[in-house]
Structure formats: structure tokens, C-alpha cells
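# Residue-level structural notes
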Amino acid sequence: MFWIRDKENQKPFIKEDEIFNLLEETKSPSKLKVRDIIQKSLSKERLNPDEVATLLNVEDDDTLEEIFEGARTLKRNVYGNRIVFFAPLYIGNKCINNCEYCGFRSSNTEIYRNSLSFEQLEKEVKVLEDKGHKRLILVYGEHPDYDADFIAKTVETVYKTKNRNGEIRRVNINAAPQTINDYKKIKEVGIGTFQIFQETYHFDTYKKVHPKGPKSSYIWRLYGLDRAVVAGIDDVGIGALFGLYDYKFEVMGLLYHTIHLEERFGFGPHTISFPRIEPALNTPLSEQPPYLVNDNEFKKIVAILRLAVPYTGLILTAREPSHIRNEVLKLGVSQIDAGSNIGIGAYSTEDQQAYKKSQFTLGDQRSLDAVINELAIEGYLPSFCTACYRMGRTGEHFMEFAIPGFVKRFCTPNAILTLLEYAQDYAPENTRISIEKRIEEELKVMKEGPLKEKLLERMDLVKAGRRDLYF
Ligand code: SAM
Ligand code: SF4
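Computed from a prediction, not measured in an experiment: that's the story for all the values here.

Rules behind the numbers
Residues numbered from 1 in each chain as written. Chains lettered and ligands numbered in written order. Predicted model: local features only at pLDDT ≥ 70, side-chain atom pairs only at ≥ 80, totals over all residues. Heavy atoms only, no water. Helix = DSSP H or I, 4+ residues; strand = E, 2+ residues; numbered from the N terminus. Buried < 20%, exposed > 50% of the residue type's maximum accessible area, 1.4 Å probe, protein only. Contact = heavy atoms within 4.5 Å. Lys, Arg positive; Asp, Glu negative; His and termini not counted. Charge placed at Lys NZ, Arg CZ, Asp CG, Glu CD. Phe/Tyr/Trp six-rings, centres within 6.5 Å; stacked < 30°, edge-to-face > 60°. Lys NZ or Arg CZ within 6 Å of the ring centre and 35° of its normal. Pairing = 2+ DSSP bridges. Right-handed = clockwise from strand over helix to strand, strands pointing away. Salt bridge = Lys/Arg side-chain N within 4 Å of Asp/Glu carboxyl O. UniProt positions renumbered as here; feature names shortened; annotations may be inferred. Domains from an automatic or database assignment. Buried area = accessible area lost by both parts, 1.4 Å probe. Expected span 1.5 Å × (residues − 1). Polar contact = N/O pair within 3.5 Å; in protein donor to acceptor, adjacent residues only side chain to side chain. Core = buried A, V, L, I, M, F, W, Y, C linked by side-chain atoms within 4.5 Å.

## A few points about the overall build of the chain
On a plain count of helices and strands, the chain comes out with 21 helices and 9 strands. Seen through its C-alpha atoms, the chain measures out along the principal axes to roughly 60 × 55 × 40 Å. Evaluated residue by residue, the chain yields a buried proportion of 63% over its 471 residues. Counted over contacts in the chain with a minimum sequence separation of 6, partners at least 24 positions apart contribute 76%. The chain carries 65 positive and 69 negative side-chain charges, and their two centres are separated by 3 Å.

Now the structure itself:
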């Protein structure tokens, strides 16, 4: 059993009985109590388990609206109106696990298995660069073909594939948990965030839906990001797949995971993801998830996560349809993908059979450009910034949160510079006009002074053809 290695520190830190008790004890909370908790979060403190359980137990629409308003306020006050863009790039769908919800599961005979060759990978990257992307997340099934050396080589290939004005400036990873030595190999090639979703924090459910392969070990996965941090990767992303078990328990699980990382390493996760199960080809559990999360519950999950861990980035993917994405963006999401295609090789081939190689179906099929245009019109500031990672400022969301003035000094100017690049290099006329208008509005509210002068100078340089300028 090659996966039961690096067994250090393997006490489960998800205390199930404690979670059930807290969820029981905090039922029917008073409005006053809920307001106090929201206030604590607005003063930028991470919430404790009893407080999050209390928020999760709010069921009446009025008090829920106060939670939503709290999340919107926190998002506005701390992070402003920026939304960072990324694209997923699926490298291969071979898999030795049999996760019951996933189209890539080993017993799925209807899916067409393949992996990108390095030449195909270059082609995919060029197509994404041609759309304007600067930040990718590479996604892999779990298979001996996708070992750490292979993952490292794919990351190197992405960084060195350049196209016209395009280049990928930050590569994140969503792959199987690794050993410490293997994480070191992956870190060496310069990755951003390493993501692992626990899927469900509920042990018995976990065991049931992960019957086979390395992923059947709950604890190996639970400590997967600990090993990443020990290996020197300090941007790590956690997540839960909603629909497998009670959403309230899963939110508590994400919080316990966060507290564990804080206690052990002095910092929490860089990002939290909260995918809902989507239908996957020939995968019955994905058609009828046992704990289906409806749209209102989904909004509640996002708002409570925003308030519970105010310093993390929240990632929302194109699994969700556009009307839901538009709503939850306001509640505190900081990163989204757009123009995504999750078929293997499907960006460069426009393969009509791509769904046969896909993990699940996407809810939002709008192009990157359509989303940028829409968000710019709505007053968001779309951003392709990757500056922190390249300046060695790890934990970008934490800095935005913790360092007074950080967003004004770095994030907003960098968002403007990268959005201007997008307008110059990729946007059609109508989007370019929306972006120019949007940037004008941002500049109007920016304080006069040396920073603004420097930004205006750099904007002129970008207009004259210079690229990749940042603060
Ligand atoms: N194979 C690796 C693993 O499982 O960790 C990494 C890649 S896996 C393709 C990425 C994530 O996709 C999983 O962690 C899971 O949360 C999510 N996923 C799997 N099946 C899904 C489905 N039917 N709908 C939505 N998300 C799904
Ligand atoms: Fe494989 Fe990951 Fe899908 Fe599970 S979720 S079957 S490990 S690709």
C-alpha cells in the first residue's frame, strides 16, 4: 500500500462528535447573537466553531439576509471589487481511484481515457494565452503516469510556452496528495497554490464514496496539505464537494481544517473551494447526490465561509450556472474561471466528443471575454494579476486582508495594469470600451499622489506596448 507513507502526526483533527454537539447546541439562535458574530467577522477576526455553527443554524429569511449583507460588506471593505481570473487545464483523466461521484472513476468504461502529450499541452496553453489568461490550474487524475516528475514537467512546459504577447505567469495545481519528497520536486518548478479537496470531512461517508485506490485513505488525504507545507509549499487550497453529506457538517469540517493549519503552521489555507456535485457521464451518484444543496443553501454556504475565514480567497468555478455565479460573486468570491473547457485537449481541438473525456458538465459556458465585459459593466474590476507570487509575496489573500492599505497599494493598480493589457491585446471593441470606462471610474476615486502618478506612467507604457508591469 504505497500511499500509507509519511504517517507523521496522523490524529484526525476533525472532531465529529464535537461538530454534531455544536450544531445541536446552537439551534434557533437569536438575531442579537447572530449580529454579534457578524460584527466579530467584520472586525476581521476568524470565527470559532461555536460561532460558525450558530450561523449555520440560521434558517429564517430575515436573519439570513443579515448574514448575506455581512458577507457583502466584508468583501467590499477588505477586498474591494476585484475578481481574479484563472482557467482550468485538464492534463489527463486516467485514474486508479473509484470516487463514486466522478466521471474519471476507474470503473467508468464509457469515458474515453487520455493524457496530453507535451506537444498537445503546448497547444492548449497557446490557446489559453491567446484568450488572455495568465493564471492556470492544472488538473490531473490520480495515476502512476502522473507522478511528481510528470507534474513538474507539465508545470515547466506551461511556463516556457509563450505566444505573441501571452504567457502564463502563475500555475496552480489540483492533483492527488503527494509525499513530502514529491511535493519538493513540484515546488522546485515554481507552483502557486497546491489544492486538495477533502470532498467530505465525514469519515463514514468518505469511506463509502472512496472505495478503492490511494484515495480510500481518509487520513492520507486529510494530511495531504500538511505535507505540502512541510515540503515548503505555503500556498495551499482546501475544499469540500457539496452534495455528499450534510452541508453544515462540511462547512464545519472546512473550519476545523483551517484551524488545524493555523495551529500547526501559523497560517491557514490560501483558498477555499466549495464545488457542488455536477452531473458526470455514466455516474449515477452525480445525477442524484445524496445531500443535494439547493441554490439558497449554496448562497448561505458562501456567505458563511466568507464570514468564518475572512482572510482566505474563495474560489467559484464554472461548474455553477451564470445566474448563481453573478449572485454569489457579491458574497465574497475572489477568484473565478471563465471560458473554461474541461475536456482533455478540448481548448485546442474544439472536440465535439470532449464531454466523453470530461469529469463533469459545466454550468457556465460563457467565454472569458463575455464574462469580463459583463463584470466590467457591473462595476467589478477584473484582474489578471500574478504579482505577489512573482515578488515572493506568498499568501496574497492573507496580505490583502492583513496589511492595511495593501489592496490600494498593490492589488488595485495591478488589476488596472493587467486589465489594460487584456483590453489592448485580446478584447474586442465592445469589451475594450467597457474596460476603458471601468478603468476611468477606478482612477477617478483613486487618491491623488505619487502612487497614482506612477500608475498613470505605467499605463502609458502598457499602451505603448510594454507588458508585465506591476507593483
Ligand atoms: N484527482 C485528484 C483528486 O481527486 O484530488 C485531482 C483532480 S479531481 C479531477 C478535482 C476535483 O474535482 C475533486 O477534488 C472533486 O472535488 C471534484 N469533482 C469530482 N467529481 C465531480 C463532479 N461530479 N462534480 C463536481 N466536482 C467534481
Ligand atoms: Fe480520480 Fe480525482 Fe476523479 Fe477521484 S475525483 S476519480 S481521484 S480524478
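## Re the packing of aromatic side chains
Going through the model one piece at a time under the given rule, you end up with 21 aromatic pairs. With a centroid separation of 6.4 Å and 55° between ring planes, the pair formed by Tyr140 and Tyr146 is classed as tilted. Taking relative accessible area as the criterion, Tyr146 reaches 5% and is therefore assigned buried. Ring centres of Tyr146 and Phe150 lie 5.6 Å apart, and the angle between their planes is 35°; on these two criteria the pair is classed as tilted. Grouped by ring-pair contacts, the aromatic residues Phe20, Tyr245, Phe249 and Tyr291 constitute a single cluster. Its guanidinium or amino end placed over the ring of Phe118, Lys153 lies 4.3 Å from that ring's centre, counting from NZ or CZ. The ring centre of Phe410 lies 4.3 Å from the NZ or CZ of Arg393, which sits over that ring.

## Points about the pairing of strand β5 (residues 236–239)
Here β5 shows a buried face lined by Val236 and Ile238 and a second buried face lined by Gly237 and Gly239. Judged from the 2 bridges that link them, strand β4 (residues 194–195) and β5 form a sheet pairing that is parallel. Counted as the bridge partner of Phe194 is Val236 from β5. Running through helix α11 (residues 247–265), the crossover from β5 to the neighbouring parallel element strand β6 (residues 271–273) is right-handed.

## Some remarks on the pattern of salt bridges
This model, assessed by the stated rule, comprises 38 salt bridges. Among the ionic pairs, Glu51 bridges to Lys40, the shortest N-O distance being 2.9 Å. In this pair, Glu51 is assigned in helix α3 (residues 49–56) and Lys40 in helix α2 (residues 31–42), connecting sequence segments 11 residues apart. The same class applies to Glu51 as to Lys40, namely buried. Of the charged contacts in the structure, one is a salt bridge between Arg432 and Glu429, with a shortest N-O distance of 2.7 Å. With Arg432 and Glu429 both in helix α20 (residues 429–445) and 3 residues apart, this pair spans about one turn of that helix. Connected via shared salt-bridge partners are Lys162, Glu167, Arg169, Arg390, Glu421 and Asp468.

## Section: the side chain of His257
Here His257 shows up in helix α11. In this view, His257 contacts Phe13, Ile14, Tyr201, Leu222 and Ile238; residues no more than four positions away in its chain are not counted.

## Some thoughts on the UniProt feature "domain: Radical SAM core" (unreviewed entry) in the chain
According to UniProt, the positions carrying the feature "domain: Radical SAM core" (unreviewed entry) are residues 79–311. Secondary structure across residues 79–311 divides into 40% helix and 13% strand, with the first and last C-alpha atoms of the span separated by 10 Å.

## Thoughts on the domain arrangement of the chain
Here the chain is partitioned into domain 1 (14–72), domain 2 (80–381) and domain 3 (395–462). Computed over C-alpha atoms only, the centres of domain 1 and domain 2 are separated by 27 Å. Taken together, the 29 residues of domain 1 in the interface contact 29 residues of domain 2. Around 2,500 Å² of area is buried between domain 1 and domain 2 when both sides are counted, 75% of it from carbon and sulfur atoms.

## Observations concerning helix α6 (residues 148–160)
Counted at 1.5 Å a residue, the expected span for α6 with its 13 residues is 18 Å, and the 18 Å between its end C-alpha atoms agrees. Looking at the buried side of α6, the elements it contacts are β1 (82–92), α5 (118–131), β2 (135–140), β3 (170–174), α7 (180–188) and α17 (387–390).

## Thoughts on the environment of Leu329
Within the fold, Leu329 resides in helix α14 (residues 322–329). Sequence-wise, Leu329 and Leu244 are 85 residues apart; in three dimensions their C-alpha atoms are separated by 24 Å. Dropping the residues within four chain positions of it, Leu329 is found in contact with Lys75, Ile83, Ile336, Leu375 and Tyr380.

## Considerations on unusual backbone geometry
Not every positive phi belongs to a glycine, and Glu199 is a case in point at roughly 70°. Here Glu199 shows up in the loop between β4 and α8 (203–209). Given the relative accessible area of 7%, Glu199 is considered buried. A positive phi angle is found at Asn282, which is not glycine, with a value near 55°. Following the sequence through the fold, Asn282 ends up in the loop between β6 and α12 (284–287).

## Quick look at the side chain of Arg325
Secondary-structure assignment places Arg325 in helix α14. Of the polar contacts made by the side chain of Arg325, one reaches the side chain of Asp364; its length is 2.9 Å. Each residue touching Arg325, except ones within four places of it in the same chain, is listed here: Leu316, Thr317, Ala318, Glu320, Ile336, Asp337, Ala338, Asp364 and Arg366.

## Observations concerning the nonpolar core
If you look at the biggest cluster of nonpolar residues, it comprises 154 residues, and the most contacted ones within it are Ile67, Phe85, Leu89, Leu138, Tyr140, Val155 and Phe194. Every residue in contact with Tyr140, bar those within four places of it in the chain, is listed here: Ile91, Gly92, Tyr146, Phe150, Ile151, Thr154, Val155, Ile173, Asn174 and Ala175.

## Re α11
Along an α-helix, a turn takes 3.6 residues, which lines up residues three or four apart on a common side. In this model α11 runs 27 Å from its N-terminal to its C-terminal C-alpha over 19 residues, within 8% of the 27 Å that 1.5 Å per residue would give. Burial analysis of α11 places 16 of its 19 residues in the buried class, the great majority of the element.

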